[in-house]
Amino acid sequence: MDPPVDLKVVKQDILTGIVECEKRCLMQCTKWLAELNHGLSETSVELRGNTAFENVHSGIDESEYDSYMLAKSYFLVREYDRSAFFTRNCLSPVPKFLHLYATYMSKEKKRLDNMTDSSVVSSVSHAKDFSELLSILRTEHSQQSLDGYCLYLYGVILKKLDLTDIAIRVFVEAINAEPTLWSAWLELAPLVNDKRMLETLKLPNHWMKSIFEGYTYIELFQNDEGIRIFENLQKNGFGKCIFIPTLLAIAYSNKRDVDRSIDIFQHLQSVDPYRLDNLDSYSNLLFVKDMKTEMSHLAHKVVEINKYSPETCCVVGNYYSIRSDHYKAVMYFQRALKLNPRYLSAWTLMGHEFMEMKNTNAAIQSYRQAVEVNKRDFRAWYGLGQAYEILKMTFYSLYYYKAAQQLRPYDSRMLVALGETYEKLNKVADALKCYQKAYSVGDIEGVALYSMAKLYEKQGETEKAIPAFLKFCSDEKLIADKASLCHAYMTLGNYYEKIEDLDKASYFAYKCLDYEEMKREAESLLKSIANKRALKATTSAAATATSSGARKSTEDEKPPEGDPADTYGEDMEMDETNLSKRIEVVMGEEEEEEDAGNSELAESSGMPEFHMEDTYDVNE
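Computed from a predicted structure; not experimentally measured. Throughout, residues of each chain are indexed from 1 in the direction in which the sequence is written. Residue-level local features of this predicted model are given only where pLDDT is at least 70; pairs of side-chain atoms are given and counted only at 80 or more, and the full residue set underlies all totals for whole chains, interfaces and linings. Processing note: side-chain calculations cover all non-hydrogen atoms of the structure and skip hydrogens and water entirely.

Caption draft 1: Structural context of empty space enclosed by the protein. Buried and open spaces are told apart on a 1 Å grid over the protein atoms alone, a cavity being a set of points where a 1.4 Å probe fits but cannot get out and a pocket being an open set with protein on both sides within 12 Å along at least five of seven lines. Residues with an atom within 4 Å of a point are the lining residues. Grid points are joined across faces, edges and corners, and a volume is the space filled by probe spheres set on the points. In this structure the tally under the stated criterion is 3 cavities of 30 Å³ or more. The calculated volume of the second largest cavity comes to roughly 50 Å³. Every residue along the wall of the second largest cavity is listed here: F265, L268, Q269, D272, R275, D277 and L279. Labels follow the DSSP assignment, with helices taken as runs of H or I lasting at least four residues and strands as runs of E lasting at least two, numbered in each case from the N terminus. At 3 residues, helix α15 (residues 258-271) tops the list of elements feeding residues into the lining of the second largest cavity. Residue polarity is assigned by list, with Asp, Glu, Lys and Arg as charged and Ala, Val, Leu, Ile, Met, Phe, Trp, Tyr, Cys and Pro as nonpolar; anything else, Gly included, falls into the polar class. The residue inventory of the lining of the second largest cavity, partitioned by class, reads 3 nonpolar, 1 polar and 3 charged.

Pasting the structure below:
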């Protein structure tokens, strides 16, 4: 939020929103606004005579008040048909909305109760269930007689029937009419496809817009933008609103800053220990970090709070998953879905469990339902890609990996999976592009360089493969797959041995001795290196002897000048094998001078000796 806001105005808007939502039984929105209000507890407003409380009975005709109060009481105990019946003839705004809302909830509850297959969440086939209600709302919308709350309900039904474009327009109308109706903002967010679409929406210039934009950016995985907005909100007085740090924790989780995200969730647990919202995200982070003790404590805690909430079932499912009890994990995720068939985390996590159980068909079904709930769930798209990869249906796999990569364009895991699929389809250029981009955006799993080098090697382009292998091996401590590291060392050793760079070849060959599967090959390479060094030494010695003989025959044509020892010492490349030949050429020298000359010549020889460390003991 760039411009500062008057927190007193914000709090007054919140109080008004709480009263209006509570009158209409929009309990989730009421709860969210109440949490936001509590976070602004240091900002005081005059409650006595406050206009928000003067409006407690506004929008309800006096003649309809008794029917409204009865209908409201029925609604709160989930007797939706009775609630709708007693408000069927009401015309004032609040009872009229309650009648429409109770009708909708009754239809939705019956639809869910009558579902023969609990693994299907699509509501398109149930259009007839909402046809009458849709007809009423469409007619009144055309007459412009719907208030912001009825527009929100109209948008919800349109969204359920996949009439997305109309739903977006209706939600924008509802938000402009009632900016504090968070439920409408929340329904609109999943329909926003990208940043450009978000910027083109005609939203009111209201403080709620900043919260919505931050939330939507995180939904779009543009986490830096979302973090910037929410950190700005914290500086502007929203620091104690629990919703803000929760979204920050999710954003850091998306950026794979897991430790920071866990710290925020642990702080929230201390501030609000009985809060269940978003604890499924927290348990996912504990699972990633393999924090079994913390996961156990969290599972026991949520069961004590409310064992029949979807969040609790999801946390317990993760607890069994981290213990590798996949059957029980699936059972708890199914319980979560019975409580809320549109609970996204449960669908995706259940798909993961089925994959662990090698039940690929069930995993595909779960992932498909997750995509049905939220088309931006990249984990479900990626899971579908993996499932079809197991089934060797490569073109299907490519389609789903592409969808996942479009949602997470800077996630190297998606790029590597896409590259491997292209490789299977013999699209080498596309595969190499994927591996190169995966490395450039920050290779999470550290396999992009290795895959790229292997592909170059497979294509016979060794000169391109070697730099990639060298980069891959540059920090061996970070490489989890030791088999890949060993293969890279062996390839480098063979390459340098081939181009006669024996020192580097020896270095990489010795590295391979640490790995049992490559030990024999490494020993063979080291023997080859040792033989080449010996051959090189012999060849060098022979060449030196030949050149020395030729030089001496030239020197014999004229008498030596000065001390003969000085002449012998000029040849610094001579080794001990050629020393006797040089001694035989010199005539008339005394034995002492010969010994001295030989000694000096041996000491001054520049030929490196064949050291024992170039060979090795296999039993070491």
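After that view, the rundown keeps rolling.
Caption draft 2: Here's a closer look at the packing of helix α16 (residues 279-288) against helix α18 (residues 310-322). As a packed pair, α16 and α18 sit with axes 9 Å apart at the nearest point and diverge in direction by 10°. It follows from the interaxial angle that α16 and α18 lie roughly parallel. Taken together, the residues of α18 that come into contact with α16 (itself represented by L279, D280, S283, N284, L286 and F287) are C314, V315, N318, S321 and I322. A per-class count over the contact of α16 with α18 returns 6 nonpolar, 4 polar and 1 charged. Helix axes are fitted to C-alpha atoms over the stretch in contact, other axes to C-alpha atoms as well, and angles between N-to-C directions run from 0 to 180 degrees. Between 65 and 115 degrees an angle is taken as roughly perpendicular, under 35 as roughly parallel, over 145 as roughly antiparallel, and anywhere else as oblique. The contact definition used throughout considers only heavy atoms, calling two residues in contact when any of these lie within 4.5 Å.

Caption draft 3: Looking closely at unusual backbone geometry. With phi around 65°, R78 is a residue other than glycine that occupies positive phi space. Within the fold, R78 resides in the loop between α4 (65-76) and α5 (80-86). Of note in the backbone geometry, N426 takes a positive phi value of approximately 60° without being a glycine. Topologically, N426 is positioned in the loop between α24 (412-424) and α25 (428-440). Relative accessibility under 20% of the residue-type maximum defines a buried residue, over 50% an exposed one, and the middle range a partly exposed one, all with a 1.4 Å probe and only protein chains included. Residue classification places N426 among the exposed positions, given a relative accessible area of 62%.

Caption draft 4: Summary view of the UniProt feature "repeat: TPR" (unreviewed entry) in the protein. Annotation from UniProt places "repeat: TPR" (unreviewed entry) at residues 310-343, 344-377 and 412-445. Between the end C-alpha atoms of residues 310-343 the distance is 7 Å, and the span holds 79% helix and 0% strand. Strand forms 0% of residues 344-377 and helix 79%; the C-alpha atoms that close the span are 8 Å apart. UniProt positions are given in the numbering used here, feature names are shortened, and annotations may be inferred rather than shown by experiment.

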